Amino acid sequence: MLGLKLPTDPRWVDLVEKNIDEILTDHAYCEQKAASTAISLIVNFPEYPELVTEMVALSREEMGHFKMVHDRILARGTVLGRYRKDEYVIALMKFFPKGGSRTDQLVHRLLYAAMIEARSCERFRLLSEQLADKDLAEFYHKLMVSEAGHYTMFLKFARQYGDRETVDQKWDDLLRYEADIMKDLGKKETIHG
């Protein structure tokens, strides 16, 4: 369903299991960044009322996810760790050139967001299926379902606001590019890296 060209090595879950506190901190910041992305789309593209309406709902949902992850961190007797850069997102953002028309900029941002949500969904599926902590596995199953909905929403908007054939070609190119990125990632206790 996700169309990812390179699945995550299942051994990534072993890294996660040994570093739950690290993955939860990274995950919390991913949720915060997802909320920020939704707000940024509202600020930069207010002329798209349907998009604005969905991004308002998404920003609330993502901050709700942040709270859920933060609550788990606190329940473990730890605190939210320091923010760290997301190497995956930094590499992904190099795919599309800067500039272009407003429509191109919007489509590119929607495609980036769809890709990040798709990879998150795939990672959450692995965690839901393989974590020994069944409560945490169930938590990630619920989030996996949510991420799948976000992925399809972003892709739908990209196709709605851009030329469908062009968007589909860009999406396919981005999927191949993302697979190349993933060859060097999946070796750290981070959601994407």
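What you see is a predicted model; the values in this text were computed from it and never measured.

What to know about the confidence of the model for the chain
Here the chain averages 93 in pLDDT, and 99% of its residues register 70 or above. Per-element confidence in the chain is highest for helix α3 (residues 49–75), whose mean pLDDT is 97, and lowest for helix α1 (residues 12–18), whose mean pLDDT is 90.

Observations regarding the packing of aromatic side chains
This model, assessed by the stated rule, comprises 10 aromatic pairs. Note on Y151 and W171: the rings are 6.1 Å apart at their centroids and 35° apart in plane angle, and the pair reads as tilted. Of the two residues, Y151 sits in helix α6 (residues 134–161) while W171 sits in helix α7 (residues 164–182), which places them 20 residues apart along the sequence. Like Y151, the residue W171 is buried in the burial classification. Cluster of aromatic residues (ring-pair linked, three or more members): F45, Y48, F157 and Y161. Above the ring of F139, the side-chain terminus of R72 is found at 4.2 Å from the ring centroid. Over the aromatic face of F157 sits the side chain of K156, whose NZ or CZ is 4.3 Å from the ring centroid.

Overview of the packing of α6 against α7
For the pair α6 and α7, interaxial distance at closest approach is 8 Å and the crossing angle is 135°. Overall, the two elements α6 and α7 adopt an arrangement that is oblique. Across from Y151, L155, A158 and R159 in α6, the residues of α7 making contact are R164, V167, D168 and W171.

Re the side chain of K170
Here K170 is to be found in helix α7. On the basis of relative accessibility, which here comes to 18%, the residue K170 falls in the buried class. Every residue in contact with K170, bar those within four places of it in the chain, is listed here: F95, F96, D104, H108 and L111.

Thresholds, definitions, all that
- Residues numbered from 1 in each chain as written.
- Predicted model: local features only at pLDDT ≥ 70, side-chain atom pairs only at ≥ 80, totals over all residues.
- Heavy atoms only, no water.
- pLDDT = per-residue confidence, 0-100.
- Helix = DSSP H or I, 4+ residues; strand = E, 2+ residues; numbered from the N terminus.
- Phe/Tyr/Trp six-rings, centres within 6.5 Å; stacked < 30°, edge-to-face > 60°.
- Buried < 20%, exposed > 50% of the residue type's maximum accessible area, 1.4 Å probe, protein only.
- Lys NZ or Arg CZ within 6 Å of the ring centre and 35° of its normal.
- Axes fitted to C-alpha atoms, helices over the stretch in contact; angles between N-to-C directions.
- Parallel < 35°, antiparallel > 145°, perpendicular 65-115°, else oblique.
- Contact = heavy atoms within 4.5 Å.

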